[in-house]
Amino acid sequence: MTLVRQLFVLALSLCWAASAADLSGKWSTGRGNIFTFQVDGDRFTGRIEGGERIYKIVDGTLNGDRISFFVLHDAKDDPEVIQNGGKSFRNTAAGTAVGDEIRVSGARENTNQRPYQLVLKRIQDQQTSQMGGDLEVIELRSNFHVIAGAGGNISMQSGPDGVILVDAGSGAMSEQVLAAVRRLSSRPIRFIINTSADGDQVGGNAKIAAAGESLTPIDRSLLAAGATILAHENVLDRMSAPSGKQSPYPVDAWPTETFVRNQKSMFLNHEGIEIALQPAAHSDGDSTVFFRRSDVIAVGDLIDTEHFPVIDVDHGGGIQGEIEALNRLVEMAIPSTPLLGQDPGTYIVPGHGRIMEQADVVGYRDMVTIVRDVVQDLVSKGQTLDQIKQAAPTKGYTERYGAGSGPGSADAFVEAVYKSLNKKSPSKREPLER
């Protein structure tokens, strides 16, 4: 090889190295999964931590900002493997990595599940309120904080009776969550209240509950000691499984206390706490948690300020129940009138995204209602689902809430609305499986 050619090849390699994507650190989908990559030149491997499970990333290739890799699903208790008849499979993924964002599209090999698209964002080293780590801690009141960045938002009320958490985030972030809680309060964790059975709400149940202490000790010969995990009975149905079937979650992550009526009330740390079922909304087990003295309502996945609502029609969710739940939130929340700007009034903590006020919920409710009305009108005209999607009933909102594909996208929301409007009410509720 001539000297000129050697210099040319060297220049190209230096150019490639300068433009190669930086996959260092941890990345989050914002919905409970944490990606970590180990890069060696133009090859990489890694892992995905989601809930109580860890998935391997293999055969990764990096070419400038282009990446591709496979994800192995071979765990017996993996819900997706269970849905695939117990057969292991691989996810194929490919896309681009630019700056602090990775966009990948993929498909699950040898399954009937649809392709997906993910947007990964680098987890920044935020230190709000000097918490450090991968989490952001936001103080709403002197005794009330929101821990963000753990997969889903976690609300934390503290006082002389101990710590009350609404949701537990993903299992992969449990240690960071516990560290944040301990910095905010030296009192034991007493309750974890789950707003639904989604992995970004219940994934951290087992570890965080084990670090706590129940206010009402019971015979622990069958249950691990720790904080009480409280949820609606439908959440327990979804996290467990009928006799003879594989449960999607380990026993120590299940709710240890449930309620079957539409509301359960408690009085802790000098304030009333109202837990209210919001039937047939995101799913059939959604609850809102209203801290009356703090004037904060944690609403779980009824609201995602960055996406359209995810309506799980197969597990009891419905568009009408979603709108009714949002209407109830609008009625419960109080704006800061007449002294606008001096105080935000009632805080609303969504499952994902920024903290809201009543006016924000009104806007979100109106968006959902408008899309429902447009889809309903097209259905009444006899249009098929594909024709309705082509009509773009979310036009005007897509850029803000639903670009891309997958859960929370415009297509997924329209499809859920369509199915919900055409779904007949079941005569008997079946146990839910994840």
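Use the structure listed above.
Presented here is an overview of the structure given in this document. Note that this is a predicted model, so its numbers are computed, not measured.

A word on the sheet that holds strand β14 (residues 228-232). Overall, mixed pairing links the seven strands, which are arranged β9-β10-β11-β12-β13-β14-β15 in an open sheet. The two strands at the open ends of the sheet, each matched to only one other strand, are β9 (136-141) and β15 (257-259). The average undirected angle you get between the axes of adjacent strands in this sheet is 20 degrees. As defined by bridge partners, β14 adjoins β15 across three bridges and the pair is classed as parallel. Within the sheet, the bridge partner assigned to H232 lies in β15 and is F259. On top of the sheet, helix α3 (residues 174-184) reaches β9, β10 (144-148), β11 (154-159), β12 (162-166) and β13 (189-193); it is set at about 160 degrees to β10, its chief contact.

By the secondary structure assignment, L385 is in helix α9 (residues 385-390). Distance from L385 to V414, taken between C-alpha atoms, is 8.4 Å for residues 29 residues apart in sequence. When neighbours within four sequence positions are excluded, L385 is seen to be in contact with V414, E415 and Y418.

The next subject is the sheet that holds strand β19 (residues 296-304). If you trace the five strands from one edge of the open sheet to the other, you get β16-β17-β18-β19-β20, paired in mixed fashion. Two strands in the sheet have a free side with no partner beyond their single neighbour: β16 (263-268) and β20 (347-352). Averaged over all pairs of adjacent strands, the angle between strand axes in this sheet comes to 20 degrees, irrespective of strand direction. Alignment of strand β17 (residues 271-277) against strand β18 (residues 287-291), held across five bridges, turns out to be antiparallel. Following the sheet pairing, I275 is matched in β18 by V289. Strand contacts of helix α7 (residues 319-332): β18 and β19, with the helix running at about 155 degrees to β19, the strand carrying the most contacts. Running over the sheet, helix α8 (residues 358-380) touches β19 and β20 and is turned about 25 degrees from β19.

The interhelical angle for the contact between α8 and helix α11 (residues 410-422), taken along N-to-C directions, is 60 degrees, at an axis separation of 10 Å. When the interaxial angle is binned, α8 and α11 end up oblique. The crossing of α8 and α11 is right-handed. Where α8 abuts α11, its residues V368, V371, R372, V375, Q376 and V379 lie against F413, V414, V417, Y418, L421 and N422. The class makeup of the residues in the contact of α8 with α11 is nine nonpolar, two polar and one charged.

The next thing to look at is the pairing of β19. Taking burial as the measure, the nine residues of β19 include nine buried ones, the bulk of the element. Bridge count for β18 against β19 is three bridges, and the pairing is antiparallel. Residue pairing for β19: F290 is matched across the bridge by I297.

I303, Y364, V368 and F413 are the most contacted members of the largest nonpolar core, which has 34 residues in total. Listing elements by their share of this core, those giving two or more residues are β19, α7, α8, α9 and α11. If you tally residues by element for this core, the top one is α8, at seven residues. Sequence-distant contacts of V368, that is, excluding residues within four places in its chain, are made with P309, I319, E322, I323, L326 and F413. If you look at the next biggest cluster of nonpolar residues, it comprises 22 residues, including V177, V181, I208 and I229.

Per the stated rule, a full pass over the model turns up eight aromatic pairs. Between the aromatic rings of F308 and Y401, the centroid separation amounts to 5.7 Å while the plane-to-plane angle is 45 degrees, which identifies the pairing as tilted. Taken together, the positions of F308 in the loop between β19 and α7 and Y401 in helix α10 (residues 398-401) put the pair 93 residues apart, joining distant regions of the chain. Geometry around F70 places R90 over its ring, the cationic atom sitting 3.8 Å from the centre.

Procedures and definitions
Residues numbered from 1 in each chain as written. Predicted model: local features only at pLDDT ≥ 70, side-chain atom pairs only at ≥ 80, totals over all residues. Heavy atoms only, no water. Pairing = 2+ DSSP bridges. Helix = DSSP H or I, 4+ residues; strand = E, 2+ residues; numbered from the N terminus. Axes fitted to C-alpha atoms, helices over the stretch in contact; angles between N-to-C directions. Contact = heavy atoms within 4.5 Å. Parallel < 35°, antiparallel > 145°, perpendicular 65-115°, else oblique. Left-handed = near helix turned anticlockwise from the far one by under 90°. Nonpolar A, V, L, I, M, F, W, Y, C, P; charged D, E, K, R; others polar. Buried < 20%, exposed > 50% of the residue type's maximum accessible area, 1.4 Å probe, protein only. Core = buried A, V, L, I, M, F, W, Y, C linked by side-chain atoms within 4.5 Å. Phe/Tyr/Trp six-rings, centres within 6.5 Å; stacked < 30°, edge-to-face > 60°. Lys NZ or Arg CZ within 6 Å of the ring centre and 35° of its normal.

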